[in-house]
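Geometric and topological summary
This is what each chain is made of:
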Amino acid sequence: MNSYLLLVCLLPIAVLAGGWNRNCIRKPVGFGYRTTGGQGGKTVTPRNINELKNYLRSNQKLIIILDRTYDFTNSEGWATQTGCYFQRCGHGFQESLAHAGTCNGRSSARVKYAKAGTTELLIGSNKSIIGKNGKGVIKGKGLRIKNAQNVIIRDISITDINPEVIWAGDALAFDNAQNVWVNGVTFARIGRQHLVSYQSQNKGITVSSCLFDGTSKNSALCDGAHYWVWLFWGTHDEITLINNHVLNTAGRTPHAGGWGRAQPYIHLIGNYMDRNPHTGIEPKTGSYILAEGNVFKSYANVIDPRAKGGHLAMINTSQQANVCKKYFGEACKVNSLQGSKSITWFEEGVLKAFSKLDRNAINGARAASCL
């Protein structure tokens, strides 16, 4: 096991994050509060990667216990193709596959990658995927909830998906997903996105108490901080991000919106956003982001100064927090900027837009917020 991941497993969580309590949320809150997963279904423990793949995609209601490392890295072989150096700047850079214009204007390179990382394991409806005794690890391949609903993913790790190569694998994808609770998951050493929602609708999603560890020997900007963290661009996403520890990242926390039909609603509440030398929140076209009660520690730019077209309510003062009473019947929580550059971006229209969504989800997340 990687030495840093071993440290995460062994040390008390409060020591790691100066008070972040990974265990303070024990049930689904926020937009995913209706999720029950595989409750009432058969409990199974896959013995190998093939059994895991089959259980995940089955149409049965299942509680799937992960009690070991399921390593997919070499399971589909390796490939080499022409791509590019994303930004060759000394040691620790990322290469990229030639996809979606990423390599336009960049120096070409022969890029080697594990083929398993480029496609995710499909998860069917009515599943609970639960780690046992800290040993549930999916390595070298991510997960995709596609055309499915009612999924719980808890207390596992998703790691080591072609960390050197952009476009060679995401950790967790939402693709026409509904009612999902992701809790206590560790994400580490991922080549592209830790979380991504695709251009369909993804509603009733809560991601809570997870560790998004951007520490990597390979990073887009060559400084050991991962850039490709959260990308949300569904036609109508409703996603709660609460009580997560986001460590050593460089951007996209989150990137929301950015194409003509995108309309993601992102409730960013009570997260410990820990060290970012570049940019954080990226409100792009069509997005609505409500950011409250978060701690931003050592962020060079809490908000990407280049972002435009999106809508953001950054709750940084008590006056702004009190405006929430008009829309939710209670005040919002104020963000804390610790050694981070302050910026004002407060659109009351975001509060109005969120007030038309499920108030139980929004106020329930606020009540559960731990910071």
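Residues numbered from 1 in each chain as written. Predicted model: local features only at pLDDT ≥ 70, side-chain atom pairs only at ≥ 80, totals over all residues. Heavy atoms only, no water.

An unreviewed UniProt entry lists the protein under the name pectin lyase, with Thrips palmi given as the organism. The UniProt entry for the protein carries this comment under Function (unreviewed entry): "Pectinolytic enzymes consist of four classes of enzymes: pectin lyase, polygalacturonase, pectin methylesterase and rhamnogalacturonase. Among pectinolytic enzymes, pectin lyase is the most important in depolymerization of pectin, since it cleaves internal glycosidic bonds of highly methylated pectins." Under Catalytic activity (unreviewed entry), UniProt gives the following word-for-word description of the protein: "Eliminative cleavage of (1->4)-alpha-D-galacturonan methyl ester to give oligosaccharides with 4-deoxy-6-O-methyl-alpha-D-galact-4-enuronosyl groups at their non-reducing ends." (UniProt positions renumbered as here; feature names shortened; annotations may be inferred.)

As for the packing of aromatic side chains
If you walk through the whole model with that rule in mind, you get eight aromatic pairs. Ring centres of Tyr85 and Phe93 lie 5.6 Å apart, and the angle between their planes is 80°; on these two criteria the pair is classed as edge-to-face. Here Tyr85 and Phe93 have matching classes, each one buried. Judged by centre distance (5.2 Å) and plane angle (15°), the ring pair of Tyr265 and Tyr288 falls under stacked. In this pair, Tyr265 is assigned in strand 22 (residues 264-269) and Tyr288 in strand 25 (residues 288-292), connecting sequence segments 23 residues apart. Residue classification places Tyr265 among the buried positions, given a relative accessible area of 8%. Three or more aromatic residues joined by ring pairs form one cluster here, namely Phe86, Tyr227 and Trp228. (Phe/Tyr/Trp six-rings, centres within 6.5 Å; stacked < 30°, edge-to-face > 60°. Buried < 20%, exposed > 50% of the residue type's maximum accessible area, 1.4 Å probe, protein only. Helix = DSSP H or I, 4+ residues; strand = E, 2+ residues; numbered from the N terminus.)

As for the nonpolar core
In this structure, Leu143, Ile145, Ile153, Phe174, Leu195 and Trp230 are the most contacted members of the largest nonpolar core, which totals 55 residues. Contact partners of Phe174, with chain neighbours within four places excluded, come to Ile145, Val180, Val182, Leu195, Val196, Ser197, Tyr198, Asn202, Ile205 and Val207. Judged by nonpolar contacts, the second largest core, of 18 residues, contains Phe31, Cys324, Tyr327 and Leu357. (Core = buried A, V, L, I, M, F, W, Y, C linked by side-chain atoms within 4.5 Å. Contact = heavy atoms within 4.5 Å.)

Considering the sheet that holds strand 26 (residues 295-299)
On the basis of which strands lie adjacent, the open sheet formed by nine strands has the order 3-9-11-14-17-20-23-26-28 and parallel pairing. This sheet does not close on itself; its edge strands, each paired only once, are strand 3 (69-71) and strand 28 (336-338). Direction aside, neighbouring strands of the sheet carry axes that sit 10° apart on average. Pairing of strand 20 (residues 245-247) with strand 23 (residues 272-276), which is carried by three bridges, proceeds in the parallel orientation. The residue of strand 23 that forms the bridge with Val246 is Met273. (Pairing = 2+ DSSP bridges. Axes fitted to C-alpha atoms, helices over the stretch in contact; angles between N-to-C directions.)

So, helix 7 (residues 359-368)
When we look at burial in helix 7, the residues that qualify are Ala361, Ile362, Asn363, Ala365 and Arg366. Looking at the buried positions of helix 7, the neighbouring elements they touch are strand 19 (236-242), strand 22, strand 25, helix 5 (325-328) and helix 6 (348-355). The opening residue of helix 7, the one whose side-chain oxygen lies 2.9 Å from the backbone nitrogen of Asn360, is Asp358. (Polar contact = N/O pair within 3.5 Å; in protein donor to acceptor, adjacent residues only side chain to side chain.)

A short note on the UniProt feature "domain: Pectate lyase" (unreviewed entry) in the protein
As recorded in UniProt, the sites labelled "domain: Pectate lyase" (unreviewed entry) are residues 87-302. Each end of residues 87-302 is marked by a C-alpha atom, and these two atoms are 23 Å apart; helix forms 0% of the span and strand 50%.

Digging into helix 6
For helix 6, every residue scored as buried is listed here: Val350, Leu351, Ala353 and Phe354. Looking straight down helix 6, one finds its buried side chains confined to an arc of 160°; they lie on one side. (Arc of directions from axis to C-beta.)

With respect to the pattern of salt bridges
Proximity of charged atoms lets side chains of opposite charge pair with each other. What the rule picks out here adds up to 17 salt bridges. We note a salt bridge from Lys146 to Asp175, for which the minimum N-O separation is 3.2 Å. Taken together, the residues span a long stretch of sequence, with Lys146 in strand 10 (residues 143-154) and Asp175 in strand 13 (residues 172-183) at a distance of 29 residues. Given the relative accessible area of 37%, Lys146 is considered partly exposed. In this structure Asp175 comes out as buried when scored by relative accessible area, which is 11%. Two residues, Arg154 and Asp155, come together in a salt bridge whose shortest N-O distance is 3.4 Å. Accessibility expressed as a relative area gives 29% for Asp155, which makes it partly exposed. Each of the salt bridges in this network shares a partner with another, and the network as a whole consists of Glu120, Arg144, Lys146 and Asp175. (Salt bridge = Lys/Arg side-chain N within 4 Å of Asp/Glu carboxyl O.)

Observations regarding the environment of Asn104
With respect to the element layout, Asn104 can be found in the loop between strand 5 (95-97) and strand 6 (108-114). Owing to a relative accessible area of 62%, Asn104 belongs among the exposed residues under this scheme.

Quick notes on the pairing of strand 26
As paired elements, strand 23 and strand 26 share four bridges and run parallel to each other. Residue pairing across strands places Tyr272 opposite Val295, the latter belonging to strand 26. Of the strand pairs in this sheet, strand 26 and strand 28 are connected by three bridges, and their pairing is parallel. Bridging across to strand 28, Val295 finds its partner in Ser336.

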